[in-house]
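# Summary of the model geometry
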Amino acid sequence: AWNRVKNMIKAPVFAEDLEKTRIAAILNAILLGIFLIFLVYLGSILITNDNPVVSAIIVLLLEGLIFGSLVAVRRGVVRRTALIFIIVMWLAILVGSALFGQAVNNPIIASMMLVTFAAGYLISNRAAIVVGILSILSLFALHFIGQAVELPAVLESSDSVYLSRL
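Residues numbered from 1 in each chain as written. Predicted model: local features only at pLDDT ≥ 70, side-chain atom pairs only at ≥ 80, totals over all residues. Heavy atoms only, no water.

So, about the overall build of the protein. When its secondary structure is counted, the protein shows seven helices and zero strands. Mapped from its N terminus to its C terminus, the protein presents α and β elements in the order α-α-α-α-α-α-α. Expressed as a percentage of its 166 residues, the buried residues of the protein come to 32%. Sequence-distant contacts in the protein: of pairs separated by 6 or more residues, those separated by 24 or more amount to 64%. Working note: accessible area of the protein is about 10900 Å², and carbon and sulfur atoms make up 71% of it. (Helix = DSSP H or I, 4+ residues; strand = E, 2+ residues; numbered from the N terminus. Buried < 20%, exposed > 50% of the residue type's maximum accessible area, 1.4 Å probe, protein only. Contact = heavy atoms within 4.5 Å. Areas by Shrake-Rupley, 256 points an atom, 1.4 Å probe, with all protein chains shown as cover.)

Quick look at the structure:
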């Protein structure tokens, strides 16, 4: 039974392409880590939240996306999965920071650096430069939009927002 579990979490090896194997190993570790973090987060939502339905649905959808990505990596669709992962993570951080209010000052913005590093490791140096430039431009845009218009703080009353600002 233990060998079966080890084989399920082990990164795939593509003997014909060492670069593909390297990317698959990194992406597999990242995806498994995020999958486990979201699983624990889902448990905490169900235990601590008075109305967990919406949050639980969002986390379950993300878990499905992550599981699908793990399956795609095992099937050899490594580079496309890495690209989709980078795009989704970048958009999630950008949209999440805008929704939590004070978009530019939100602590989640620092995660864009991690996405930039991941783009460099998983895709290419050029992809890291593009993600970095897009991140800077989007932060400027959020800043100027935030100056002109009050961005929606739909999750402003959330405990996680309160704790992140302490």
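From this point on, the discussion continues.
Let us now look at the pattern of salt bridges. This model, assessed by the stated rule, comprises two salt bridges. Aspartate 17 is the partner of arginine 79 in a salt bridge, and the nearest nitrogen-oxygen pair spans 3.5 Å. One end of the pair, arginine 79, is in helix H4 (residues 78-99); the other, aspartate 17, is in the loop between helix H1 (2-9) and helix H2 (18-48), and 62 residues separate them in sequence. Look at arginine 79 and you get partly exposed, because its relative accessible area is 42%. By relative accessible area, which is 23% here, aspartate 17 ends up partly exposed. A salt bridge links arginine 22 to glutamate 19, with the nearest nitrogen and oxygen atoms 2.7 Å apart. Taken together, the residues arginine 22 and glutamate 19, both in helix H2 and three residues apart, mark about one turn of the helix. (Salt bridge = Lys/Arg side-chain N within 4 Å of Asp/Glu carboxyl O.)

Turning our eyes to something else, we now look at the side chain of serine 69. On the secondary structure map, serine 69 appears in helix H3 (residues 53-74). Side-chain polar atoms of serine 69 contact the backbone oxygen of leucine 65, separated by 2.9 Å. For serine 69, the contacting residues outside a window of four places in its chain are Leu31 and Thr81. (Polar contact = N/O pair within 3.5 Å; in protein donor to acceptor, adjacent residues only side chain to side chain.)

Considering every residue of the protein, the mean pLDDT works out to 84; 87% of them sit at 70 or more. Across the protein, H2 holds the top mean pLDDT of 93, while helix H7 (residues 159-164) sits lowest at 44. Counted against residues more than four places away or in other chains, residues 155-166, with its pLDDT under 50, gives 14 contacts. (pLDDT = per-residue confidence, 0-100.)

A few words now on the packing of H4 against helix H6 (residues 125-148). Interhelical geometry of H4 versus H6 gives an angle of 15 degrees and a closest axis separation of 12 Å. Between H4 and H6, the interaxial angle falls into the category roughly parallel. The handedness of the crossing between H4 and H6 is right-handed. Every residue of H6 that contacts H4 at Ile86, Trp90, Leu94, Ser97 and Ala98 is listed here: Val131, Leu134, Ser135, Ser138 and Leu142. Within the contact of H4 with H6, the residues separate by chemical class into seven nonpolar, three polar and no charged. (Axes fitted to C-alpha atoms, helices over the stretch in contact; angles between N-to-C directions. Parallel < 35°, antiparallel > 145°, perpendicular 65-115°, else oblique. Left-handed = near helix turned anticlockwise from the far one by under 90°. Nonpolar A, V, L, I, M, F, W, Y, C, P; charged D, E, K, R; others polar.)

Taken together, Val53, Val54, Ile57, Ile58, Leu61, Leu62 and Leu65 make up a surface patch of nonpolar side chains, about 640 Å² in accessible area. Within the secondary structure layout, isoleucine 58 lies in helix H3. (Patch = residues over 30% accessible without salt bridge, like charges linked within 9 Å, V, L, I, M, F, W, Y side chains within 5 Å.)

A few words on the packing of aromatic side chains. Using the criterion set out here, one finds one aromatic pair in the structure. An angle of 15 degrees between the planes, with centres 6.4 Å apart, marks the rings of phenylalanine 140 and phenylalanine 144 as stacked. Of this pair, phenylalanine 140 and phenylalanine 144 both sit in helix H6, four residues apart, roughly one helical turn. A relative accessible area of 54% means that phenylalanine 144 is categorised as exposed. Here the basic side chain of lysine 20 rests over the ring of phenylalanine 14, its NZ or CZ set 4.8 Å away from the ring centre. (Phe/Tyr/Trp six-rings, centres within 6.5 Å; stacked < 30°, edge-to-face > 60°. Lys NZ or Arg CZ within 6 Å of the ring centre and 35° of its normal.)

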